[in-house]
Amino acid sequence: MFAHLQVILDGFRWLVNQYVSFQPFVSHEFIYINALLTYYGFIYKHANIVLFGLDGAGKSTLMNMLLHNRPHASRKHRMIDIPIKRVGTIFHTTHLPGHFQARRIWELAVPEYPKPDFGLVYIVDATAPERFAEAREALEKFLKLEGLKGVPLLVLGNKFDEPMAVEREGMVRALGLERLDEGALGDRPVNLVRCSAVYGIGYEDGFRWLSKVV
Ligand SMILES: Nc1nc2c(ncn2[C@@H]2O[C@H](COP(=O)(O)OP(=O)(O)OP(=O)(O)O)[C@@H](O)[C@H]2O)c(=O)[nH]1
Ligand SMILES: [Mg+2]
């Protein structure tokens, strides 16, 4: 029943989005109606996000789940401007590689100056506390970029299906995220959500939060 409603709602959304994209002129009423439809989730909001994290954190697994609903996809997907529809928002996603050498190119995914519709998703392996210091260092270095000033940051504590996964508070402390709240690395909305990319649990809440703050 719920699945049917979802299909009908998606169809209606599609129609409304077609109508909106073919509007020949923009009036005040049109902008007002647009805002209203976006607020109630009938028009997709657009946001650009960067998905990054250390090697092995679970980026590819998460992308496969988001795109194909399977943790391991046989098909390769592109890495730039991947549209992911979630919670009334189309997240145009750049998926960055995580191994040490590749981290040098992370900054290429960042605009020169901060953009209002930009967001960051940093994925951390919650079962690898021995790598939290490395994850924190890589994150702090990245957040110093001029183009990321004030940009919202969603941290996904991945693999919480594993019994040895570190609790949320432990991760917040180890990654220095309380310091972020205090504005130590620029005033930005920050949230840490635990998830399991393999089982498809938890990250939906994170994307819901992100869609509100970008
Ligand atoms: N238990 C568990 N394992 C996971 C989860 N997400 C990913 N993994 C496993 O972690 C390993 C690394 O996952 P990837 O998705 O390849 O990691 P990545 O971030 O893309 O790594 P790089 O491409 O090397 O940067 C794989 O063996 C996954 O199956 C999860 O939520 N739970
Ligand atoms: Mg990968």
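Residues numbered from 1 in each chain as written. Chains lettered and ligands numbered in written order. Predicted model: local features only at pLDDT ≥ 70, side-chain atom pairs only at ≥ 80, totals over all residues.

**Overview of the overall build of the chain**
Counted only if it meets this: Helix and strand assignments follow DSSP, with helices taken as H or I runs no shorter than four residues and strands as E runs no shorter than two, numbered in order from the N terminus. Burial in this document is a count-based property: other C-beta atoms within 10 Å of a residue's C-beta are tallied, and the residue is buried at 20 or more, exposed at 12 or fewer, or partly exposed in between, with C-beta positions derived from the backbone. Each residue gets a C-beta atom placed from its backbone, and two residues are in contact if those atoms lie within 7 Å.
Across its full length, the chain holds seven helices and six strands. Mapped in sequence order, the helices and strands of the chain form the string α-α-β-α-β-β-β-α-β-α-α-β-α. For the chain, with 214 residues in total, the buried portion stands at 32%. Considering only residue pairs separated by 6 or more positions, the chain has 75% of its internal contacts joining residues 24 or more positions apart.

**Re the pairing of strand β5 (residues 153-158)**
To keep it simple, the criterion reads: Note: two strands are recorded as paired if DSSP finds a minimum of 2 bridges between them. Whether a crossover is right-handed comes down to one check: with the strands pointing away from the viewer, does the path from the first strand over the helix to the second run clockwise; if it does, it is right-handed.
In terms of burial, β5 is largely enclosed, as six of its six residues are buried. In the sheet, strand β4 (residues 118-125) pairs with β5 via six bridges, with the strands oriented parallel. Counterpart to Ile123 in the pairing with β5 is Leu156. Remark: the β4/helix α4 (residues 132-143)/β5 crossover connection has right-handed handedness. Note: β5 against strand β6 (residues 190-194), five bridges, orientation parallel. Looking at β6, one finds that Leu156 is bridged to Val193.

**Observations regarding unusual backbone geometry**
Its identity as a non-glycine residue notwithstanding, Asn69 has a phi of 60 degrees, on the positive side. Counting through the fold element by element, Asn69 comes out in the loop between α3 (59-68) and β2 (82-86). Classification of Asn69 as exposed rests on a count of 9 C-beta atoms within 10 Å. Within the chain, Lys159 stands out as a residue other than glycine whose phi angle is a positive 70 degrees. Here Lys159 is to be found in the loop between β5 and α5 (168-174).

**What about the sheet that holds β5?**
Inclusion rule: Every axis corresponds to a line fitted to the C-alpha atoms, with the helix fit spanning only the stretch in contact, and the corresponding angles, defined between N-to-C directions, vary from 0 to 180 degrees.
Spatial strand order, β2-β3-β1-β4-β5-β6: six strands in an open sheet with mixed pairing. Taken across any chain shown, the strands that pair with only one partner, and hence form the sheet edges, are β2 and β6. Looking at each pair of strands side by side, their axes are set apart by 30 degrees on average, direction ignored.

**Considering the UniProt feature "binding site: Mg(2+)" (unreviewed entry) in the chain**
In plain terms, the rule: UniProt positions are given in the numbering used here, feature names are shortened, and annotations may be inferred rather than shown by experiment.
Taken from the UniProt record, the annotation "binding site: Mg(2+)" (unreviewed entry) applies to Asp55 and Ser60. As for its placement among the helices and strands, Asp55 is situated in the loop between β1 (45-52) and α3. Residue class for Asp55 comes out partly exposed when judged on the 14 C-beta atoms lying within 10 Å of it. For Asp55, the residues in contact, after removing those within four places along its chain, are Gly98 and His99. Summarising the element assignment, Ser60 is placed in helix α3. Exposure remark for Ser60: the 19 C-beta atoms within 10 Å place this residue in the partly exposed category.

**With respect to the nonpolar core**
Grouped burial of nonpolar side chains is what soluble globular proteins tend to show. The line we're drawing: Structurally, a nonpolar core is described as a collection of buried Ala, Val, Leu, Ile, Met, Phe, Trp, Tyr and Cys residues joined by way of C-beta atoms within 7 Å.
In this structure, Tyr122, Val124, Val155, Leu156 and Leu175 are the most contacted members of the largest nonpolar core, which totals 46 residues. When residues of this core are traced back to their parent elements, those giving at least two are β1, α3, β4, α4, β5, α5, β6 and α7 (203-213). For Tyr122, the contacting residues outside a window of four places in its chain are Phe52, Gly53, Leu139, Leu153 and Val155.

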